[in-house]
Amino acid sequence: MKKTAIVGGGAAGFFLAVSLKEMMPEMDVTIFERSQRVLAKVEVSGGGRCNCTNSFEDVRDLSAVYPRGHRLMKRLFNVFDHQDAYRWFESHGVPLVVQADQCVFPKAQDSHAIIDCFLSLAHQYNIKICRHQKIDSLEALSGYDAVAVTTGGSPKGEGLRWLAAMGHEVEPPVPSLFSFAIDDSRLHELMGLVVEDAKVQIPGTKLRAGGPLLITHWGMSGPAILRLSSYAARLLADNDYRLPMAVNWLSMNDAEVLETLYEALISLPMKQVATVSPFGLPQRLWAYLAEKALEGRGMLRWSELGRKDINRLVNTLCNDTCQIAGRAAFKDEFVTCGGISLKAVNPSTLESRHVPRLYFAGEVLDIDGVTGGFNFQAAWTTAYTVACSIVHAV
């Protein structure tokens, strides 16, 4: 009987194990998990609901959602893409729903729908699960015909050393998907406010992102910030998470903002600037921005504003600057960029170029996506690819 060992009991590991058994029922499959719990990351993802994929409806270029690995993902989508994943889960008893933001969740809105599916199928297919099994060499797995490593991200890099020792190129892992600490106590007082469509960027670079922005008691979070943290993961790490950031609070250009401000001068002449927003921003945020732009003179009436005051308002609304003063983990994601370099694997099979019959799937590879279900989709796609490769090889 042919035997496959899967090192890692996460999402990619279980998807690979189940897919392998469905393609080759006679295959003996064993999952080795270093901890007691399996699928722990699935359980907490998406606030406990598991954003398991995305419709990709709004994605025009995979590089926008996969800052690292988009070329490989485009290639592997010919094997197994988001539509295949959607059908896979529904056909295995997990109805899914697509939200307005194109994120896909179990209809039950509970990550245990995914977990229970995997565990039930593992039991049905006699997939062995060995817990508390730390694998750090291939010697212990010498009796297996194929080995797949699905250990996930390795934030400090220790879990990659045994693979590097075999000659695999490793891209140093650094955190991705995190919120920004901003050293501004007045901003912190606005915690809980959401701007539905903001744009953020690292000045002097092409790194930018847009979408909802959440003000927190330590700084900023929300999809716009999380996406920027993913795009700029290495740059931020290299600069100790201390860089300037520009914020366009309105996603409007200077001319559009200027026109609206002049309309306010005419329609709201006797109103105090800080008390009336002509842009529909949350009132407390508008007051903060007006006071910041006018250097504490937000109680001026609109009719009292001079040209320089208007220009300061335009600049603050369209190109506000703040200083990133650190990072905070995004509790629903524990994503790293980096891992086994894509140069170390065959792009068609994900087999190691250094060790025959050794494969990689999931976040252990240098593939990572922005928030929105894209990282789980990378897990499903790479795991299914490896399952096909093993079946054809053994």
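That block above? That's the structure.
Residues numbered from 1 in each chain as written. Predicted model: local features only at pLDDT ≥ 70, side-chain atom pairs only at ≥ 80, totals over all residues. Heavy atoms only, no water.

Q: What is the right way to look at the packing of aromatic side chains in this model?
A: For any pair of aromatic rings, the description rests on two quantities: the centre-to-centre distance and the angle between the ring planes. Counting across every chain of the model gives 21 aromatic pairs. For the ring pair Phe15 and Trp88, a centre distance of 4.6 Å and an interplane angle of 50° mean the geometry is tilted. Of the two residues, Phe15 is situated in helix H1 (residues 11-23) and Trp88 in helix H4 (residues 82-91); the sequence distance between them amounts to 73 residues. Note on accessibility: Phe15 and Trp88 belong to one class, buried. Among the aromatic residues, ring-to-ring pairing joins Phe14, Phe15, Phe80, Trp88, Phe89, Phe118, Phe376, Trp380 and Tyr384 into one connected group. Over the ring of Tyr241 we find Arg327, and its NZ or CZ is 5.1 Å from the ring centre. (Phe/Tyr/Trp six-rings, centres within 6.5 Å; stacked < 30°, edge-to-face > 60°. Helix = DSSP H or I, 4+ residues; strand = E, 2+ residues; numbered from the N terminus. Buried < 20%, exposed > 50% of the residue type's maximum accessible area, 1.4 Å probe, protein only. Lys NZ or Arg CZ within 6 Å of the ring centre and 35° of its normal.)

Q: Got a minute to help me understand the pairing of strand S1 (residues 3-7) in this structure?
A: On a regular strand, one side chain projects to one face of the sheet and the next to the other, so that they alternate. Counting buried positions along S1 gives four out of five residues, so the element sits mostly inside the fold. As paired strands, S1 and strand S2 (residues 28-32) are joined by five bridges and run parallel to one another. What sits directly across from Thr4, in S2, is Val29. Pairing geometry for S1 and strand S7 (residues 146-149), over four bridges, is parallel. From the neighbouring strand, Ala5 faces S7, where its bridge partner is Val147. (Pairing = 2+ DSSP bridges.)

Q: Whenever I open this one, the side chain of Thr316 confuses me. Can you help?
A: Structurally, the position occupied by Thr316 is in helix H12 (residues 307-319). In this structure Thr316 comes out as buried when scored by relative accessible area, which is 11%.

Q: I would appreciate a short explanation of H4 in the present structure.
A: Structurally, the α-helix is built with 3.6 residues per turn, so residues lying three or four positions apart point the same way. Residues of H4 that are buried include every one of His82, Ala85, Trp88 and Phe89, and no others. Taken end-on, H4 shows its buried residues confined to a sector of 115°, consistent with a single buried face. Turning to H4, the residues buried within the fold contact H1, strand S3 (53-54), strand S4 (96-98), helix H5 (112-124) and helix H13 (374-393). A side-chain oxygen of the first residue of H4 lies 3.1 Å from the backbone nitrogen of Gln83; this N-cap is Asp81. (Arc of directions from axis to C-beta. Contact = heavy atoms within 4.5 Å. Polar contact = N/O pair within 3.5 Å; in protein donor to acceptor, adjacent residues only side chain to side chain.)

Q: So what exactly am I meant to see when it comes to the environment of Val364 here?
A: Among the structural elements, Val364 can be located in the loop between strand S16 (358-360) and H13. Residue classification places Val364 among the buried residues on the basis of a relative accessible area of 1%. Beyond its immediate stretch of four places on either side in the chain, Val364 contacts Val149, Thr151, Gly152, Gly153, Leu160, Gly338, Gly339 and Ile340.

Q: Would you take a moment to explain the pattern of salt bridges for this structure?
A: Pairing between side chains of opposite charge can happen when their charged atoms approach one another. This structure, assessed with the given rule, holds nine salt bridges. Among the ionic pairs, Asp320 bridges to Lys292, the shortest N-O distance being 2.8 Å. On the criterion of sequence distance, the pair formed by Asp320 in strand S14 (residues 320-329) and Lys292 in helix H11 (residues 283-293) is long-range, its members being 28 residues apart. On the basis of relative accessibility, which here comes to 31%, the residue Lys292 falls in the partly exposed class. (Salt bridge = Lys/Arg side-chain N within 4 Å of Asp/Glu carboxyl O.)

Q: Looking at this structure, how should I read the nonpolar core?
A: It is characteristic of soluble globular proteins that their nonpolar side chains tend to be buried jointly. Tyr66, Trp88, Phe89, Phe118, Ile340, Phe360 and Trp380 are the most contacted members of the largest nonpolar core, which totals 77 residues. The dominant element in this core, judged by the number of residues it contributes, is H13, at nine residues. In this structure Trp88 touches Phe15, Val18, Ser19, Glu22, Phe80, Cys117, Phe118 and Leu121, once residues within four positions along its chain are discounted. Leu190, Leu243, Tyr288 and Ile324 belong to the second-largest nonpolar core, a separate cluster that totals 51 residues. (Core = buried A, V, L, I, M, F, W, Y, C linked by side-chain atoms within 4.5 Å.)

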